[in-house]
Amino acid sequence: MKLNLRSLEAFRETMLSGSATAAAGRMGLTQPAVSRLIAQLEQEIGFELFYRERGRLSPTPEALIIYDEIDLAFGGLERVDALARDIAAFNTGLLKIVAPPSLSESVLSTILPRFMAKFPKVRIAIESRSTETARAMVANRTVDCGFVKLPLDRSDISTVTLSTSETVCVLPDTHPLAAHEVLTPELLRGEPLVLLGAGTWTRRQIDDAFRERGVRPDVRVETHTVGSACALAAGGLGVAVVNALLADNFARPGVSIRVFRPQILHEYAFMTSALAPMNRLAAAFLDEARNFFSEQTR
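Source: prediction; values computed, not measured. (Residues numbered from 1 in each chain as written. Predicted model: local features only at pLDDT ≥ 70, side-chain atom pairs only at ≥ 80, totals over all residues. Heavy atoms only, no water.)

A. Spotlight on the nonpolar core. If you look at the biggest cluster of nonpolar residues, it comprises 40 residues, and the most contacted ones within it are Leu95, Val107, Phe115, Phe147, Val170, Val242 and Phe285. Per-element tally for this core: the top contributor is helix H11 (residues 280-296), with eight residues. With residues up to four places along the chain from it excluded, the contact list for Phe115 reads Leu95, Val122, Ile124, Leu281, Ala284, Phe285 and Glu288. Counting 19 residues, the second largest nonpolar core, distinct from the first, contains Leu8, Ala10, Met27 and Ala63. (Core = buried A, V, L, I, M, F, W, Y, C linked by side-chain atoms within 4.5 Å. Buried < 20%, exposed > 50% of the residue type's maximum accessible area, 1.4 Å probe, protein only. Helix = DSSP H or I, 4+ residues; strand = E, 2+ residues; numbered from the N terminus. Contact = heavy atoms within 4.5 Å.)

This is the structure in structure tokens:
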């Protein structure tokens with residue numbers, strides 16, 4: 001048996017309002033149309049739902065039994081309808097993001113408040129994982145989206161480039177090298193350095209830059225976040241060589257930021273799984289991230 005939803009609605013409205021005429025008004029139909037829908041339902045289920053006496057409808061015992069289930073079913077449909085409208089208006093939902101710690105502590109702290117001001121009922125979950133783990137989480141959709149440093153050679157991940165920034169040196173204002181606008185491996189010869197951990201793409205580029213200039217870098221401290229590198233440099237432990245985009249967020253009084261040459265660029269991208277379409281919340285967050293980064297380049 002496949003019951004007609006409109007017939008069930010006509011029955012429910014008649015039970016709620018007490019007459020086919022009132023039900024017709026609630027449904028935007030005529031009274032005869034509602035009566036036909038009820039008659040159709042009775043034919044489909046094989047028993048009468050109302051006694052018809054002098055134009056009035058009185059529910060049968062069977063109608064009273066079936067009404068509770070129909071009312072419960074329609075209540076569920078109304079909840080689904082309300083939920084769908086909430087999702088469409090971004091009044092609910094959870095957005096899962098994975099990002100490097102340095103980005104979570106800097107750029108994301110600016111993008112997220114702007115995004116959540118527009119969608120205050122959306123919840124955010126941020127994961128800070130290793131690069132490979134972050135890529136895997138996006139590819140298999142454990143998270144909705146993430147930020148990644150390019151290059152990225154994976155067919156199961158889609159990327160949108162957001163930012164390209166230079167490499168800079170962070171050092172105290174009182175350091176003699178702060179007098180230079182541009183710092184090179186030659187100028188950094190013998191200087192204690194604070195660099196991000198070995199093995200990353202950027203670290204290999206920095207090591208190559210020193211080697212090509214015939215300079216052996218004096219790596220005093222290795223760390224894994226731009227924030228800690230900048231803090232260590234500010235404390236006088238060495239000159240930090242880091243991403244300009246992130247270094248700007250950790251700048252503080254008494255600290256100078258100088259361009260590093262040869263030029264080493266850092267590209268950050270927004271990533272989602274290539275195995276499924278980007279969901280609506282992730283797309284809205286991408287728009288906010290694009291707006292932020294476009295403002296940084298003006």
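There is more to say, and it comes next.
B. Highlighting the sheet that holds strand E10 (residues 218-223). Across the sheet, which stays open at both edges, the six strands sit in the order E8-E12-E7-E11-E9-E10 with mixed pairing between neighbours. Since the sheet does not close on itself, it has two edges, and those belong to strand E8 (182-183) and E10, each with one partner. Two strands pair when backbone bridges link them, and strand E7 (residues 167-172) and strand E11 (residues 239-243) are joined in this way by four bridges, in the antiparallel orientation. Within E11, the position partnered with Val170 by the bridge is Ala240. Here helix H8 (residues 201-212) sits on the sheet and contacts strand E9 (192-196), E10, E11 and strand E12 (255-260); the angle it forms with E9, its principal contact strand, is near 145°. Along the sheet face, helix H9 (residues 226-234) touches E7, E9, E10, E11 and E12 and points at about 155° away from the line of E11. (Pairing = 2+ DSSP bridges. Axes fitted to C-alpha atoms, helices over the stretch in contact; angles between N-to-C directions.)

C. Structural context of the environment of Val148. Within the secondary structure layout, Val148 lies in strand E5 (residues 145-149). The sequence separation of Val148 and Ser256 amounts to 108 residues, and the corresponding C-alpha distance is 27 Å. Among residues more than four places away in sequence, those in contact with Val148 are Arg135, Thr159, Glu267, Tyr268, Ala269 and Met271.

D. Layout of helix H2 (residues 20-27). Here H2 has its buried residues at Ala20, Ala23, Ala24 and Met27. Taken down its axis, H2 places every buried residue within 105° of arc, on the same side. The exposed set on the far side of H2, more than 90 degrees from its buried face, consists of Thr21, Gly25 and Arg26. Phi turns positive one or two residues past the end of H2, at Gly28, with a value near 75°. (Arc of directions from axis to C-beta.)

E. View of the packing of aromatic side chains. Taken as a whole and judged by the stated rule, the model has nine aromatic pairs. Both rings, one in Phe11 and one in Tyr67, keep their centres 6.4 Å apart while their planes meet at 70°; by these two values the pair is edge-to-face. Linking Phe11 in helix H1 (residues 5-17) with Tyr67 in helix H4 (residues 61-88), this pair joins segments that are 56 residues apart in sequence. For Phe11, a relative accessible area of 0% puts it in the buried group. The exposure class assigned to Tyr67 is buried, which follows from its relative accessible area of 15%. Their ring planes at 45° and their centres at 6.3 Å tell us that Phe270 and Phe285 sit as a pair that is tilted. Of the two residues, Phe270 is situated in strand E13 (residues 266-273) and Phe285 in helix H11; the sequence distance between them amounts to 15 residues. Neither Phe270 nor Phe285 differs from the other in exposure class; each is buried. A network of ring pairs unites the aromatic residues Phe115, Phe119, Phe147, Phe270 and Phe285 as a single cluster. (Phe/Tyr/Trp six-rings, centres within 6.5 Å; stacked < 30°, edge-to-face > 60°.)

F. Spatial organisation of the pattern of salt bridges. Tallied over the entire structure, the rule returns 16 salt bridges. Across the pair Glu166 and Arg261 runs a salt bridge, and its minimum N-O distance is 2.6 Å. Of the two residues, Glu166 is situated in the loop between strand E6 (157-165) and E7 and Arg261 in the loop between E12 and E13; the sequence distance between them amounts to 95 residues. A relative accessible area of 24% places Glu166 in the partly exposed class. With relative accessibility at 29%, the residue Arg261 sits in the partly exposed group. For the salt bridge of Arg220 with Asp218, the shortest nitrogen-to-oxygen distance reads 3.7 Å. Residue Asp218 is classed as partly exposed on the basis of its relative accessible area, which comes to 29%. (Salt bridge = Lys/Arg side-chain N within 4 Å of Asp/Glu carboxyl O.)

G. Region of interest: the environment of Asp208. Positionally, Asp208 belongs in helix H8. For Asp208, a relative accessible area of 28% corresponds to the partly exposed category. Taking the C-alpha atoms as reference, Asp208 lies 17 Å from Pro151; in sequence the two are 57 residues apart.

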